Amino acid sequence: MPAAEPHGGLPHDGPPNDTLIDALGLVGEVFHTEPGPLVAGGLSRGRRLRRRRATALAGGASALLLVGAAGVGLTLGGPAHSAAVVTTTASDSPGPSASTGATAPPSTLAPPVTGDRMVALLKSLLPPGQVVSTNGRGTAADSSGITGSPLADVVYDDGHGKALVTVAVSRPYPGQAVTGCPDKTLVTYDSCTTGRQPDNSVLTLLQGYEYPDKRLPTKMWSAYLVRPDGGMVEADEWNAPADKGSAVSRPNPPLTLAQLTAIVTDAGGWDPVLAAIAPQGPAGSTSQRPPTMQSMTKDEMLGTLLALLPNGLQPSGGDGQQGYVHLTLNDGKGASLVQVNVQQWSRGMELPGSVTTLPDGTELVLDPHADAGGTGVLEWSADVLRPDGTRVVVSATDSSRPSGGVDRTAPALTMDQLQAIALSPRWQLHPVQE
């Protein structure tokens with residue numbers, strides 16, 4: 001999943017979902033034409049771009065890897081929050097059985113909430129200080145017909161430096177909300193906690209960085225709450241007046257974890273917003289479930305990858321999720337991160353880069369990136385698109401981490417070996433529930 005910083009969305013035929021993609025951003029935001037440490041920042045960047053700027057999905061070459069980095073980009077560390085938490089796992093996430101009101105048909109939705117109201121709600125939950133600029137989006141479509149998760153962005157100054165603070169409210173598919181901490185193999189962060197609250201919601205707090213490789217000192221701290229009624233509330237803050245393109249204004253973001261927790265757990269403020277958001281489908285309908293897609297499970301992909309590795313390599317740390325896996329290889333010369341993405345692409349989509357077309361119509365792009373995403377990591381990749389739309393991307397780096405830090409002189413797999421793995425017919429897609 002290392003590729004360039006993803007900025008698009010995973011192309012598929014199912015209905016787009018802000019939280020799913022925001023979270024997947026959580027697998028991520030997906031193919032990007034510029035290679036680099038694809039996984040590392042995909043989640044947080046994808047989530048925010050999707051939340052704040054648009055709802056359309058985009059396709060790009062390397063972004064596909066993001067799938068495995070659920071929760072990526074959030075990081076915790078610093079003042080402990082006051083809410084009691086109990087360590088939990090993804091299986092503890094609230095599912096359809098916990099839903100109390102998320103399946104009401106659209107005809108029973110509460111009145112729309114405006115962007116101005118979202119801004120007012122966020123401002124009311126901030127500690128004393130000055131709000132110098134605001135931006136909001138409501139639950140109704142804008143003048144262009146585009147809808148998305150309602151959100152509010154404010155630049156807040158408590159007297160110690162201006163900082164961007166945001167909140168977003170959404171209603172993901174049951175079971176696909178963001179819970180759990182990101183994989184530290186893929187994402188650099190200081191601390192993370194996740195746990196179930198007394199009302200059966202799941203709260204995750206993370207303190208991390210806008211850039212997982214820390215090439216700039218911009219910090220990002222986040223809290224997100226997955227509620228029993230199917231709603232999700234997320235608050236993010238930075239130690240700069242913008243998430244990107246702005247110098248840091250203070251050592252840390254302004255709000256403590258307890259204050260972030262207070263924002264996302266303010267039921268009185270967010271209940272009317274969630275009541276105005278249409279659920280994914282009518283009560284009892286199959287549209288309440290995520291779409292079934294052509295994919296491969298994590299275990300299938302790890303088994304396939306292990307079977308295709310050449311002799312003499314010691315694998316370790318295998319993990320991932322549907323459509324994406326990663327593991328570390330060591331041949332005695334240092335650790336090398338290997339990532340694989342497998343996706344179904346729509347007809348007519350083209351691979352980025354210099355394409356070689358094989359006799360059977362398969363398209364192949366080999367790319368020895370000299371510097372993956374500006375991190376100093378050497379990344380080699382093989383990108384394959386079969387005539388049936390199956391896309392396989394295999395990459396290897398000279399580091400055990402996509403965020404940087406060289407561990408060897410070259411990736412553990414040669415370009416020929418990467419090509420052979422990517423072209424293997426063992427990568428077989430089949431219907432899998434997202």
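Relevant structure appears above.
Presented here is a report on the structure given in the accompanying data block. (Residues numbered from 1 in each chain as written. Predicted model: local features only at pLDDT ≥ 70, side-chain atom pairs only at ≥ 80, totals over all residues. Heavy atoms only, no water.)

1. Examining the packing of aromatic side chains
Here's step 1: Applying the stated rule across the entire model yields zero aromatic pairs.
Here's step 2: Across from the ring centre of Tyr 211, 5.5 Å away, lies the NZ or CZ of Lys 244, which sits over that ring. (Phe/Tyr/Trp six-rings, centres within 6.5 Å; stacked < 30°, edge-to-face > 60°. Lys NZ or Arg CZ within 6 Å of the ring centre and 35° of its normal.)

2. Quick look at the pattern of salt bridges
Here's step 1: This model, assessed by the stated rule, comprises eight salt bridges.
Here's step 2: A salt bridge links Asp 158 to Arg 250; the nearest nitrogen and oxygen atoms lie 2.8 Å apart. Residue Asp 158 is located in the loop between β2 (151-157) and β3 (162-170), and its partner Arg 250 is located in the loop between β7 (232-238) and α4 (257-264); the two are separated by 92 residues in the primary sequence.
Here's step 3: Given a relative accessible area of 11%, Arg 250 falls into the buried group.
Here's step 4: Among the salt bridges present, the one from Arg 391 reaches Asp 383, with a minimum N-O distance of 2.4 Å.
Here's step 5: For Arg 391, a relative accessible area of 0% translates into the label buried.
Here's step 6: With a relative accessible area of 6%, Asp 383 lands in the buried category. (Salt bridge = Lys/Arg side-chain N within 4 Å of Asp/Glu carboxyl O. Helix = DSSP H or I, 4+ residues; strand = E, 2+ residues; numbered from the N terminus. Buried < 20%, exposed > 50% of the residue type's maximum accessible area, 1.4 Å probe, protein only.)

3. Side note on the sheet that holds strand β15 (residues 390-397)
Here's step 1: One open sheet holds the seven strands; their spatial order is β9-β10-β11-β15-β14-β13-β12, and the pairing between them is antiparallel. The sheet is open, and its two borders are formed by β9 (314-321) and β12 (356-357), each paired with just one other strand.
Here's step 2: Two elements, strand β13 (residues 363-369) and strand β14 (residues 379-385), share seven bridges in a ladder whose sense is antiparallel. Of the residues in β14, the one forming a bridge with Asp 367 is Ser 381.
Here's step 3: Relative to strand β10 (residues 324-330), helix α6 (residues 298-308) is tilted by about 35°, and along the sheet it contacts β9, β10 and β11 (335-344). (Pairing = 2+ DSSP bridges. Contact = heavy atoms within 4.5 Å. Axes fitted to C-alpha atoms, helices over the stretch in contact; angles between N-to-C directions.)

4. A closer look at the state of the cysteines
Here's step 1: Taken as a whole, this structure holds one disulfide when the rule is applied.
Here's step 2: Paired by a disulfide, Cys 181 and Cys 192 hold their sulfur atoms 1.9 Å apart. Taking the torsion about the sulfur-sulfur bond, which here is approximately -85°, the covalent link between Cys 181 and Cys 192 counts as left-handed. With Cys 181 in the loop between β3 and β4 (191-196) and Cys 192 in strand β4, this pair connects stretches of sequence that are 11 residues apart. (Disulfide = S-S within 2.5 Å.)

5. Some thoughts on unusual backbone geometry
Here's step 1: Notably, Asn 200 is not glycine yet its phi reads approximately 80°, a positive angle.
Here's step 2: As for its placement among the helices and strands, Asn 200 is situated in the loop between β4 and β5 (202-209).
Here's step 3: Accessibility expressed as a relative area gives 31% for Asn 200, which makes it partly exposed.

6. Quick look at the side chain of Gln 197
Here's step 1: Positionally, Gln 197 belongs in the loop between β4 and β5.
Here's step 2: A relative accessible area of 10% means that Gln 197 is categorised as buried.
Here's step 3: Among the polar contacts made by the side chain of Gln 197, one reaches the main-chain carbonyl oxygen of Gly 195 at a distance of 3.3 Å. (Polar contact = N/O pair within 3.5 Å; in protein donor to acceptor, adjacent residues only side chain to side chain.)

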